[in-house]
Amino acid sequence: MPQTKPIVSIENVVASASVDQRIDLNVITQTFPDVEYHPDQFPGLVFRIKSPKTATLIFSSGKMVCTGAKSEEQSIKAVRSVVQTLRKGGIKIKKDAVIVIQNMVASANLGGKIHLEQAARSLPRSMYEPEQFPGLIHRMIDPKTVILLFASGKLVCTGAKKESDVYRSVHNLHTLLEEKKLMIYES
């Protein structure tokens, strides 16, 4: 069992969604003056909401991408809120959005320092080039995530599609670092 309990914080959840119909983005722009839409630069419209604080890209195909949520639940709530707001504004959307979580980014602190040089030699599927980047890049197979490890004991975990995968990745890595005696705890 690891000596410390990692502190994990989900920083961003990216979800894709589709309402399975075409949407006239110009009509949304007229109804909601706060949206950002510059079709000459980018084909999507940016629809921001305050709670949960997210930005949802809406495309004329009816596809959407929501970023900025801090949990799966918030991400789903944000997309539903955007669709509901559009409907209230008179935009006809027949079906409810089908939402799929695409990626989660989390930060973590293991509560101790990491021997990165030794970790680079003993962790499989790892890359460490301190001249280019101060972190070790570790590709985990199960759950399929990529974790950046820093000497400070801080981590960034990306690629998870479920919150449970974030926690499992961090726990698996922490346990592995302990087993290989790569953690340094100041007493």
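The chain goes by TATA-box-binding protein in an unreviewed UniProt entry, where it is assigned to Candidatus Nitrosotalea okcheonensis. What the UniProt record of the chain gives under Sequence similarities (unreviewed entry) is the line "Belongs to the TBP family." For the chain, the Function (unreviewed entry) comment in UniProt is given as "General factor that plays a role in the activation of archaeal genes transcribed by RNA polymerase. Binds specifically to the TATA box promoter element which lies close to the position of transcription initiation."

> How should the overall build of the chain be read in this particular structure?
Across its full length, the chain carries 4 helices and 12 strands. The C-alpha atoms of the chain give 21 Å as radius of gyration, which overshoots the globular expectation for 187 residues (16 Å, by more than 25%). Principal axes of the C-alpha set define a box for the chain whose edges measure 60 × 35 × 25 Å. Residues classed as buried in the chain amount to 38% of the 187 residues present. Taking the intrachain contacts of the chain between residues at least 6 apart in sequence as the baseline, contacts between residues at least 24 apart amount to 61%. Only carbon and sulfur atoms are counted for the fraction: they give 54% of the accessible area of the chain, which is about 10800 Å².

> Even after reading the chapter, I still don't get helix α2 (residues 72–88), so can you show me in this structure?
For an α-helix the count is 3.6 residues per turn, leaving residues at separations of three or four pointing the same way. Along its 17 residues, α2 runs 24 Å from first to last C-alpha, staying within 8% of the 24 Å computed at 1.5 Å per residue. Taken residue by residue, α2 has S75, A78, V79, V82, V83 and L86 as its buried positions. All buried residues of α2 fall inside an arc of 125° around its axis, so they share one side. Seen from the buried face of α2, the exposed residues on the opposite side, beyond 90 degrees, are E73, K77, R80 and K88. Close packing links the buried residues of α2 with β1 (7–18), α1 (25–31), β3 (45–49), β4 (54–58), β5 (63–69) and β6 (98–109). Just beyond α2, the residue with positive phi is G90, at close to 90°.

> It is not clear to me how helix α4 (residues 163–179) should be interpreted in this structure. Could you clarify?
The end-to-end C-alpha distance of α4, which contains 17 residues, comes to 25 Å, matching closely the 24 Å that a straight helix rising 1.5 Å per residue would cover. Among the residues of α4, those classed as buried are D165, V166, S169, V170, L173, H174, L177 and E178. Trailing α4 by a residue or two, K181 shows a phi angle of about 55°, which is positive.

> Sorry if this is basic, but what is going on with the pattern of salt bridges here?
A side chain with one charge can pair with a side chain of the opposite charge if their charged atoms come near. Under the defined criterion, the tally for this structure stands at 5 salt bridges. One salt bridge in this structure joins D96 and R87, with 3.1 Å as the shortest N-O distance. When the shortest N-O distance is used, the salt bridge between D142 and R168 registers 3.5 Å. Remark: R168 occurs in helix α4 and D142 occurs in the loop between β9 (136–140) and β10 (145–149); sequence separation between them is 26 residues. By relative accessible area, which is 35% here, R168 ends up partly exposed. Several salt bridges converge on common partners, so that one network encompasses D142, D165 and R168.

> Explain the state of the cysteines here, please?
What we call a disulfide is simply a covalent bond connecting the sulfur atoms of a pair of cysteines. Summed over the entire model, instances satisfying the criterion amount to 0 disulfides. Here C66 stays unpaired: no disulfide links it, and the sulfur of C157, its closest cysteine neighbor, is 19 Å away.

Quick notes on the rules
Residues numbered from 1 in each chain as written. Predicted model: local features only at pLDDT ≥ 70, side-chain atom pairs only at ≥ 80, totals over all residues. Heavy atoms only, no water. UniProt positions renumbered as here; feature names shortened; annotations may be inferred. Helix = DSSP H or I, 4+ residues; strand = E, 2+ residues; numbered from the N terminus. Rg over C-alpha atoms; globule rule 2.2 N^0.38 Å. Buried < 20%, exposed > 50% of the residue type's maximum accessible area, 1.4 Å probe, protein only. Contact = heavy atoms within 4.5 Å. Areas by Shrake-Rupley, 256 points an atom, 1.4 Å probe, with all protein chains shown as cover. Expected span 1.5 Å × (residues − 1). Arc of directions from axis to C-beta. Salt bridge = Lys/Arg side-chain N within 4 Å of Asp/Glu carboxyl O. Disulfide = S-S within 2.5 Å.

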